[in-house]
Amino acid sequence: MNNNIRWLAAYTADIFDDYLAEIKLPIVCSDASEEEDRHSNENSAMLYGMEYWNLVEDIEAYLRASAEKPVNPNEILAMFDTLLTDKGHSDSIPSGEKRDEIIARIDKLLKPAEVTR
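Note that the structure is a prediction, hence the values are computed from the model and not measured.

Q: Go over helix H4 (residues 73-86) with me, naming the residues and quoting the values.
A: Under the 1.5 Å per step criterion, the end-to-end length of H4 is 20 Å for 14 residues, consistent within 8% with the ideal 20 Å. Buried within H4 are the following residues: Pro73, Ile76, Leu77, Met79, Phe80, Asp81, Leu83 and Leu84. The N-cap of H4, judged by a side-chain oxygen 2.8 Å from the amide nitrogen of Asn74 a few residues on, is Asn72.

Q: How would you explain helix H2 (residues 32-40) if you had to name every residue and give the values?
A: An α-helix turns once every 3.6 residues. As a result, residues three or four positions apart point the same way. All buried positions along H2 are accounted for by Glu34, Glu35 and Arg38. One face of H2 carries all of its buried residues, which in axial projection span an arc of 100°. Along H2, exposed side chains directed more than 90 degrees from the buried face belong to Ala32, Glu36 and Ser40. Residues of H2 that are buried sit in contact with helix H3 (49-65). Of the residues one or two after H2, Glu42 is the one with positive phi, at around 50°.

Q: Would you mind going over the layout of surface pockets in detail, with residue names and values included?
A: For the largest pocket, the calculated volume is near 160 Å³. Considering the residues around the largest pocket, the lining is formed by Ser30, Met50, Glu51, Asn54, Leu55, Asp58, Met79, Thr82, Leu83, Asp86 and Lys87. Within the residue set of the lining of the largest pocket, elements represented by two or more residues are H3 and H4. Here the lining of the largest pocket gets five residues from one element, more than from any other, and that element is H3. Considering only residue class, the lining of the largest pocket consists of four nonpolar, three polar and four charged.

Quick notes on the rules
Residues numbered from 1 in each chain as written. Predicted model: local features only at pLDDT ≥ 70, side-chain atom pairs only at ≥ 80, totals over all residues. Heavy atoms only, no water. Helix = DSSP H or I, 4+ residues; strand = E, 2+ residues; numbered from the N terminus. Expected span 1.5 Å × (residues − 1). Buried < 20%, exposed > 50% of the residue type's maximum accessible area, 1.4 Å probe, protein only. Polar contact = N/O pair within 3.5 Å; in protein donor to acceptor, adjacent residues only side chain to side chain. Arc of directions from axis to C-beta. Contact = heavy atoms within 4.5 Å. 1 Å grid on protein atoms, 1.4 Å probe; cavity = no way out; pocket = protein on both sides within 12 Å on 5 of 7 lines; lining within 4 Å. Points joined across faces, edges and corners; volume = space filled by probe spheres on them. Nonpolar A, V, L, I, M, F, W, Y, C, P; charged D, E, K, R; others polar.

What follows is the structure, given as structure tokens:
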């Protein structure tokens, strides 16, 4: 069960990475050495290093806390919104149909998992 939640959190973060790739917006790592590693390894991830792992950990904590109640994809998407705002990209927060699409992807990913959490 623990690994299941961790994987779900990582797959959810990957949905956000897909969105960032679509709009061609890499999130710069706060740690300069991580950013250097990203470029030296020609990594194409839009979320990299601690920015990625902190988001995964936040989602994982939310999923664990939601074990007794339904998961709300909007609350998970709000974590991504916060990351974008903190990085100075509030103008790139998904909205309208794109936001609905991301919520649907999160919902589809997590709904079957509610039985196994």
